[in-house]
Structure formats: structure tokens, C-alpha cells
Amino acid sequence: MSKLALVITRWDPQPWIDRFTKVAPELDVYKWPDDNVAPEDIDYALAWQPPEGVLAGFTNLKAIFSLGAGVDHILQEPQLPDVPLVRVVDPDLTMRMSEYVCLHVLMHHRQQRLLDGDQARTDWTERPQWSASAMRVGIMGLGELGRDAAEKLVHLGFQVNGWSNSSKQITGVASYAGDEQLDDFLHVTDILVCLLPHTPDTHGILNRELFRKLSHDGPLGEPVVINAGRGKLQVEADILASLDAGELGAATLDVFETEPLPANSRLWRHPKVTLTPHNAADSDPDALCKYIQDQILRHESGGELLNLVNRQTGY
Ligand code: NDP
Ligand code: OXD
């Protein structure tokens, strides 16, 4: 029987244990650390923000599964075992992220925060209303999550552009690729959605210089940024400076340079900022245990592991 170690910090591991017990009785799952099993007997590690050094202790590991789509929390491990690293690609997670992106794009497009202010003051301010087709949404990262969000925004009627490393063909989406096309992409972006992974190449990419290159003549006047990728993609001091200088009209942030966001961050109380607690797309054990079980059973019978991370690119 394959032995799995759940190495989880900042989430409750119990729902994962409960779910595996129910759907995968053929797998032996341990909540790490567990005195009933030796580290060298562990076959597969299932990790979310593993403490430093734990993965290195599993000397006979066959693979590591990230319990999320992102893998930066694992690749930062200095002594990462040289085994395949698998990430989550699953319709449930993808749908959750697309819900989040559509929710926040629509919130800015329909100026809901201003309406909330009117309601608090018990008085309506007359404001123009634009069609979605007047709004240009630019998505940074057209991978599993970015592509699906782009398609759903096209369906809602928005003009959608996307930026990624390599060029894409997605119906209704203009594709920009590579550093050489980044400025062209930014110039035609009214609402910027970031769904990039955090890698050495993308670290701090959401900075003041980039915000200044966004379109400043869209329906909202000043551009809006939505980041649900990773906190270390953004320079929070620059977001605040750009909001205060009127270079950004608003921001929605799900992820932060330090998580949880420190209580003294000015982002908490900024009137133009909407915050969520890194819950744009939660990893739900009910949805994801089956994905991991299928992968392990296939691998144990000689098949391939899917959705492997490229250690060179970092995603
Ligand atoms: P993918 O690996 O499928 O897609 C990544 C995309 O980013 C690809 O289109 C890739 O380009 C592009 N990209 C990577 N590096 C660069 C670069 N230097 N320049 C331009 N484009 C680049 O990832 P997912 O879509 O599955 O997930 C994206 C990220 O979302 C995750 O890494 C994670 O950080 C975050 N996430 C956040 C969650 C939350 O709750 N807030 C939940 C789940 C994920 P190309 O296609 O050409 O390779
Ligand atoms: C993920 C996340 O990477 O939840 O899936 O952030």
C-alpha cells in the first residue's frame, strides 16, 4: 500500500485525511509528523507550504504533489528532493478562480464600491454606465486559470487581451507574448488581472513603472489592478503610491507580500482597495483527493504523472 504524508501548514489537514479515508482506502495517509511511520517509508508527499527540511527527510520519495496550482511554496525549499513535482490542474479549482475574476472585474466595471458608498450615505449619485464591450481587460498569465477566466470574460462581452510567455490562440482574445510585447499589452489595458506564477522572472512585476504604462483613457479613467496570482508579484508600496497619485483607480488583492497581511498595512483601510484572504480559488479536498488518487494509482501501475512542473521555468 502506498504511503502518503500530508505536510501542510496554515491549512487544517483534517479534511484531507477525512476525504482520503473515504475515497481512497487503498492509500495509507499520514498527517505529518506521525510517529507511526518512518520518513524513509513515505512514497508520496502532499504539500502546502511545507516546513523547511521536511521533504528532504523523505529519502525514498516517488513524487511530490503541491496541494495548490502554484508551486513557489515548494520550490523555495533549499534541499528539494529530485523527484517529479505535480501541481493541481482541476476543473473545480479553475472554476473557482474564474468566479473570482468575473466577480471583481464586474465589481469594478459596474462601480459597485461607489454604489456601496452611496448606500452608506443614503443618497444615489448619478453615474454613467458602460457596456462591457467598452472595457478592455488584460490578463497576465494565460495558463490553466488565465485561459478559462479569459474565455468567461469574452462570454460576458468584455474586450479581452492576454499576455504570456508564448503566444496563444483563444477565441476572442488578443494574445501578446514575451517581454517585447508587454508594453503594447499594458497600453490597451483598463482592468489588469494578474494570474501569473511567482518565479524569479515575475518577482515584483506589478510595480509603479508598470502601472504607469496601463491605459489611462478607458471608461473608468484610471486603470484597475486585480492580483490573484501571488503576493510576491506585487510591490505593495508601489500600489499604494500609485493609488494615492491617481495612477491607479482601484485595486483588488487576494494575495500579499506577507500572508496573512500584517494588521498595520495601509492596504486594509485604503478606500480604493478591496481585499480577500487568499481565497480566490480554495483547494477543496472533496474535489482534489480524487485527482491525486487517480495520479498515484496510474503512476503505481506504470503510467505517467500529469501536470508536472518544469523546475527550470519554476511553473
Ligand atoms: P499555469 O502554469 O497553467 O500558467 C501560468 C501562465 O503564466 C502561463 O500562461 C505562462 O506562459 C505565464 N507566465 C509564466 N511566467 C511568465 C513570464 N515570465 N512572462 C509571461 N508569462 C509568463 O498556472 P495556472 O494558470 O494554473 O496558475 C497561475 C497561478 O495562479 C499559480 O501559479 C498560483 O500562483 C496562482 N493561484 C492562486 C490562487 C489563489 O487562490 N489566489 C489559486 C490557484 C492558483 P506560457 O503559457 O507561455 O508558459
Ligand atoms: C494555489 C493557491 O496555488 O491556492 O492553488 O494559491
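Trainee: Is there a simple way to explain the state of the cysteines in this structure?
Mentor: In this structure the tally under the stated criterion is zero disulfides. Among the cysteines around Cys102, which has no disulfide bond, Cys194 carries the closest sulfur, lying 16 Å off. Relative accessible area serves as the criterion here: at 12%, Cys102 is assigned to the buried category.

Trainee: Sorry if this is basic, but what is going on with the site of ligand 1 here?
Mentor: Around ligand 1 sit 28 residues, and of these Arg87, Ser166, Lys168, Asp254 and Tyr315 come closest. Contact with the protein chains hides 92% of the accessible area of ligand 1, taken as 940 Å² for the molecule alone. Partitioned by chemical class, the residues of the shell around ligand 1 number 13 nonpolar, nine polar and six charged. Counting only domains with at least three residues in the shell around ligand 1, you end up with domain 1 (2–90 + 283–300) and domain 2 (91–275).

Trainee: How should the sheet that holds strand S2 (residues 28–31) be read in this particular structure?
Mentor: Neighbouring strands of a sheet are bound in pairs by backbone hydrogen bonds; such pairs are parallel or else antiparallel. Sheet architecture is open: five strands sit in the order S2-S1-S3-S4-S5, paired in parallel fashion. Bordering the open sheet on either side are S2 and strand S5 (85–86), each of which pairs with just one other strand. Of the pairings in the sheet, the one linking strand S1 (residues 3–8) to S2 comprises four bridges and is parallel in character. Residue Leu6 lies in a different strand from S2, and its bridge partner there is Lys31. Sitting on the sheet, helix H1 (residues 14–23) is in contact with S1, S2 and strand S3 (44–48), with an inclination near 170° to S2. The sheet strands contacting helix H9 (residues 285–300) are S1, S3, strand S4 (63–66) and S5, and the helix crosses S3 at an angle near 155°.

The rules behind these values
Residues numbered from 1 in each chain as written. Chains lettered and ligands numbered in written order. Predicted model: local features only at pLDDT ≥ 70, side-chain atom pairs only at ≥ 80, totals over all residues. Heavy atoms only, no water. Disulfide = S-S within 2.5 Å. Buried < 20%, exposed > 50% of the residue type's maximum accessible area, 1.4 Å probe, protein only. Near = heavy atom within 4 Å. Areas by Shrake-Rupley, 256 points an atom, 1.4 Å probe, with all protein chains shown as cover. Nonpolar A, V, L, I, M, F, W, Y, C, P; charged D, E, K, R; others polar. Domains from an automatic or database assignment. Pairing = 2+ DSSP bridges. Helix = DSSP H or I, 4+ residues; strand = E, 2+ residues; numbered from the N terminus. Contact = heavy atoms within 4.5 Å. Axes fitted to C-alpha atoms, helices over the stretch in contact; angles between N-to-C directions.

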